[in-house]
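Residues per chain are reported as follows:
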Number of protein chains: 4
Amino acid sequence: MNKPQPKHWKTKLHNIIYEADTPAGKWFDIILLIAIITSIILVMLESVNSIDAKYHSLLNISEWIITIMFTIEYIARVITVKKPVHYIFSFYGIIDFLSTIPKYISLVFGGVHALAALRALRLLRIFRILKLARYLGASNNLVKALKASRAKISVFLFVVIIVAIILGTIMYLVEGEENGFSNIPKSVYWCIVTLTTVGFGDIAPQTPLGQFIASLVMILGYGIIAVPTGIVSAEYTNQNKNVPEPEKLDVDLNTQACPNCSAEKHKDNAEFCYNCGHKLNHE
Amino acid sequence: MNKPQPKHWKTKLHNIIYEADTPAGKWFDIILLIAIITSIILVMLESVNSIDAKYHSLLNISEWIITIMFTIEYIARVITVKKPVHYIFSFYGIIDFLSTIPKYISLVFGGVHALAALRALRLLRIFRILKLARYLGASNNLVKALKASRAKISVFLFVVIIVAIILGTIMYLVEGEENGFSNIPKSVYWCIVTLTTVGFGDIAPQTPLGQFIASLVMILGYGIIAVPTGIVSAEYTNQNKNVPEPEKLDVDLNTQACPNCSAEKHKDNAEFCYNCGHKLNHE
Amino acid sequence: MNKPQPKHWKTKLHNIIYEADTPAGKWFDIILLIAIITSIILVMLESVNSIDAKYHSLLNISEWIITIMFTIEYIARVITVKKPVHYIFSFYGIIDFLSTIPKYISLVFGGVHALAALRALRLLRIFRILKLARYLGASNNLVKALKASRAKISVFLFVVIIVAIILGTIMYLVEGEENGFSNIPKSVYWCIVTLTTVGFGDIAPQTPLGQFIASLVMILGYGIIAVPTGIVSAEYTNQNKNVPEPEKLDVDLNTQACPNCSAEKHKDNAEFCYNCGHKLNHE
Amino acid sequence: MNKPQPKHWKTKLHNIIYEADTPAGKWFDIILLIAIITSIILVMLESVNSIDAKYHSLLNISEWIITIMFTIEYIARVITVKKPVHYIFSFYGIIDFLSTIPKYISLVFGGVHALAALRALRLLRIFRILKLARYLGASNNLVKALKASRAKISVFLFVVIIVAIILGTIMYLVEGEENGFSNIPKSVYWCIVTLTTVGFGDIAPQTPLGQFIASLVMILGYGIIAVPTGIVSAEYTNQNKNVPEPEKLDVDLNTQACPNCSAEKHKDNAEFCYNCGHKLNHE
């Protein structure tokens, strides 16, 4: 976006943070990117007891660095944005806040580092990963294709769910509690596991009849896995077609022939033959 | 469907129940929709022992409410429909009846609430979910695509079954009873589990030879999973194509405008303007 | 196939057995179809010990009926076919023989009914199911599509195998024998199980590194499962396109020949021969 | 590649090794192909303890034969190539060296045949299989299709990973350590296992909530498995279109204009303007 050079430092800062078209802005983005990924890796590593035990202090320090960086970023965003309140209560605003605060809270209750609630809070930092979504620009007509087929896919998923509920109930009756289908929700869960060809195998039919129905479910799932793929790839092909197409779409040829030179394939709204210039008589 | 205003209360009621184009009809649909979904959730929750134990009375009451609602609906349908008998013995008629009656039966044999047969009957209410199918209008040429490829898909599934039977028999011979392939139907079941890439793992080949054949089966399944997808997406693309395509592909428009009436989009080899008949000067 | 009315009884019989265009021929086909399916069901049921125990005599009798039917069919085929030797040593000829003989052998060694070898022989009857393949006529351009993409699919499968071997070896080094990856063939097997998204779970990586590599394998498999599907559906779309194609062809070029130099393939609206410049007379 | 007949023996040898258009070169390729496949089979068999125990000496001998063949090939390559250093430090150069050397090292430390490091080294021979990639020429526009959709697929995989991280973290919170989701990386691993519909079942959700989320994950995975397939098959369809197109195009039209009436889009072999009959001057 081409915009006049900013003067005031706030505007400058705003551009650095919210735009990516200045060198500084680019640098800011890259650093933020690295910070987010690092913080996510940290959160992950912390959850691994063995690693947490060994490198606890190291993790702790780097966590503080990240936290301070995020704090600065958060404050900067609040200051420089036009409507601070709007930002603070926006999705990203809340995420940014929640992913910054827990470390400070952990200061207050120093001892209870392992406090589950706090961990949970810290885990929210994961959602910052969504900010990377901005870097996905490349996938434009993929998104279009998905949007275009959204309605159909949701219909399809709805069907899948109906099927899962009915078949799940049947399996619950056929297999019963002794074979792990201990209640309907569970056998619906099993049914989804099977229809989607995931097949954990934590629950599996034991009775011959159950296995027979299961086979039907699987073949059904195998048959219908084709549907969303078909939809998306069809829509997607259309998306691609629209690139060469534009010029052609809005032409309608009619079947009449020129009374004079009997040339055919006139545009539907043609008054005169494109070939000999003779007036066309519309039937 | 545009139809004359009903006068008689029966006709009114009929329209409310069977049509959705009056406000009352819409409301009826929405309420029915909610009732069905609720009843299904109830059936599911009941099957969960822990929940059933805790909230038994609550479930019981809400079940009664649903049952009465369904009863009223059922009677209303019977009264207002032109051919009551035809409705009563129709698929939905039977479902409606069976999903209403069990609660009343449970009154008679009060004690035996857990009576399996009764539960089973109550579970039939699940099938009412099929009524939601009416709300799937959106997926028209999806259905068309499926219809179009039905023949091919069934052929394909037929092939899958033949393959499953043959490979299943071979695996039965190779692995034998000691490795869980205790009889042919079971190893055919395993074969379907594998071909469809579900892979529960409740049965898995143990002998090297068995694992080798299994690998072939899997790669085969991987190869042929392509087929139904290919079919559907191809058919589906056709469905879509048939909307814009039929005549158009072979027209070339050029960008010149008519010097006289400045109409555009002339065919590339047009001599005269299709609009005013003026000679076109080719650049 | 239109052919002169047969006179001799052999020719008659031949037509009944090998053709399906006479009522008798149709009946023969249907009965054979039923017989084959029955025999396969019998073979399957026999392998289920519990069933075999209960209904042994029943199974035995029906087996005899089937066997005799097959014997008659086999003899009839040998008699009526032009080149009996050619038929006898053809794939189907051998299958037919092997699926008929075991029952008679079991007479000789009456006691040893459970003789594994004999069972195996009887199981060969399964292959008779392949005869049903004749009823698959419907799937013509499906087969074409597969033929067309055969080369590419085999290339693709070749790649899958290479990937499986390399990754399998890596997993063998990473996980080692203690985690079930007891040798390279086995971990290649695991790799195929994973790449094809079957995922039995009989072997699963235990070490973090192993699980990381496994994740890559899975995402890879997820990514490349697209390929064969893409190939087939693309080929299949082409197969379908070939229907509209011809019509398109004679839009660009028409079928008339130049009256002077008899050059063909003129553009449909050509006034003069592109080859000799002679005026074209439009029919 | 058509090239002048080589004279010097080095050039001759070079052609045999690096080209495949001389009979000798073809033979060399075939022998190399067999040698590589054999060596890989050997490596695999060796890893199977039972086989290694039985046929150790046989394996050892054939290993020596292969090793010597590879040594000769390696030396030949180094001698005949224009830039030996460049080859030696190229990927294949290193692979060739590493897949040749271990056997010789094993001479030095004769006793420690089972030395893990050595085995590992020997396993590197697996990578020689990549040389077979040269025989994949057939899959040209498949590769093109993949290249074309590379950007989109990577975007897609990136999304999958983000989803896996977020859902993995949620599952870690929901299921917790007691159900096998012992840390975030592990539940991310589970999430990938599930999203890709592999479903090992080594880890499976136990809590109702966990199973509910899992169902969503699976349906999500089921929905998005469509995306890469859609992309590839769409791209691939385009690739294919480009094949019939060119041939059609130059049947159609070239870019020259008629010097007289400046009509365009003449057939490529047109001598005269199809529109005014004027002689066309070919540039």
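Residues numbered from 1 in each chain as written. Chains lettered and ligands numbered in written order. Predicted model: local features only at pLDDT ≥ 70, side-chain atom pairs only at ≥ 80, totals over all residues. Heavy atoms only, no water.

**Concerning the packing of helix α1 (residues 9–18) of chain D against helix α3 (residues 49–80) of chain D**
Residue and element names in this part refer to chain D. We count it as follows: Geometry is summarised by axes, namely lines fitted to C-alpha atoms with helices restricted to the contacting stretch, and by angles between N-to-C directions that run from 0 to 180 degrees. A run of H or I in DSSP becomes a helix once it reaches four residues, and a run of E becomes a strand once it reaches two; helices and strands are each numbered from the N terminus. Here roughly perpendicular refers to angles of 65 to 115 degrees, roughly parallel to angles under 35, roughly antiparallel to angles over 145, and oblique to all remaining angles. The handedness criterion is simple: a crossing whose near helix is rotated anticlockwise from the far helix by less than a right angle is left-handed, and one whose near helix is rotated clockwise is right-handed. For this analysis, residues touch if any pair of their heavy atoms sits within 4.5 Å. Only Asp, Glu, Lys and Arg are considered charged, only Ala, Val, Leu, Ile, Met, Phe, Trp, Tyr, Cys and Pro nonpolar, and every remaining residue, Gly among them, polar.
The interhelical angle for the contact between α1 and α3, taken along N-to-C directions, is 125 degrees, at an axis separation of 9 Å. Taken together, the axis directions place α1 and α3 in an arrangement best described as oblique. For α1 against α3, the interelement crossing comes out left-handed. Along the contact surface, α1 presents Trp-9, Lys-10, Leu-13, His-14, Ile-17 and Tyr-18, while α3 presents Ala-76, Arg-77, Ile-79 and Thr-80. When grouped by side-chain class, the residues that make up the contact of α1 with α3 number 6 nonpolar, 2 polar and 2 charged.

**A closer look at unusual backbone geometry**
Spelled out, the test is: For each residue, the accessible area found with a 1.4 Å probe, counting protein chains only, is set against the maximum for its type, and the residue is called buried under 20%, exposed over 50%, and partly exposed in between.
Positive phi outside glycine occurs at A:Thr197, with the angle close to 60 degrees. Owing to a relative accessible area of 1%, A:Thr197 belongs among the buried residues under this scheme.

**Looking at the packing of helix α10 (residues 184–195) of chain C against helix α2 (residues 23–47) of chain D**
Between α10(C) and α2(D), the least distance of the axes is 7 Å, while the angle of their chain directions is 105 degrees. When the axis of α10(C) is compared with that of α2(D), the two are roughly perpendicular. Residue-level contacts link C:Ile184, C:Pro185 and C:Val188 of α10(C) to D:Val43, D:Met44 and D:Ser47 of α2(D). Split into classes, the residues belonging to the contact of α10(C) with α2(D) amount to 5 nonpolar, 1 polar and no charged.

**Examining the UniProt feature "transmembrane region" (unreviewed entry) in chain A**
Residue and element names in this part refer to chain A. Put simply, the test is: UniProt positions are given in the numbering used here, feature names are shortened, and annotations may be inferred rather than shown by experiment.
Per the UniProt record, "transmembrane region" (unreviewed entry) is found at residues 27–45, 57–81, 101–121, 153–175 and 212–232. Here residues 27–45 is 100% helix and 0% strand, with 27 Å between the C-alpha atoms at its ends. Structurally, residues 212–232 comprises 95% helix and 0% strand, and the distance from its first C-alpha atom to its last is 32 Å.

**Focus on the environment of B:Leu124**
Residues and elements named next belong to chain B. Mapped onto the elements of the fold, Leu-124 is located in the loop between α8 (116–123) and α9 (140–175). Residue classification places Leu-124 among the partly exposed residues on the basis of a relative accessible area of 22%. Put simply, Leu-124 and Gly-221 are 97 residues apart on the chain and 35 Å apart in space, counted from C-alpha to C-alpha. Excluding its chain neighbours within four sequence positions, the residues that come into contact with Leu-124 are Ile-95 and Leu-98.

**Notes on helix α8 (residues 184–195) of chain D**
All names here are of chain D. Stated precisely, the cut-off is as follows: Each helix should span, by expectation, one fewer than its residue count multiplied by 1.5 Å.
Under the 1.5 Å per step criterion, the end-to-end length of α8 is 16 Å for 12 residues, consistent within 8% with the ideal 16 Å. Across the 12 residues that make up α8, a large majority, 10, are buried. All of the buried residues along α8 are Ile-184, Ser-187, Val-188, Tyr-189, Trp-190, Cys-191, Ile-192, Val-193, Thr-194 and Leu-195. With its phi angle positive at about 60 degrees, Thr-197 sits one or two positions after the end of α8.

**Section: the packing of aromatic side chains**
The condition that has to hold: For this analysis, a ring pair means two rings from Phe, Tyr or Trp (six-membered ring only for Trp) whose centres lie within 6.5 Å, classed as stacked if their planes differ by under 30 degrees, edge-to-face if by over 60, and tilted for the remaining angles.
Under the counting rule described, the total for this entry stands at 24 aromatic pairs over all chains. Consider the rings of A:Phe181 and A:Trp190, whose centres lie 5.2 Å apart with planes at 70 degrees: the pair is edge-to-face. With relative accessibility at 0%, the residue A:Phe181 sits in the buried group. Relative to D:Tyr87, the ring of D:Tyr74 has its centre 6.0 Å away and its plane inclined at 45 degrees; by these criteria the two rings are tilted. One end of the pair, D:Tyr74, is in helix α3; the other, D:Tyr87, is in helix α4 (residues 84–88), and 13 residues separate them in sequence.

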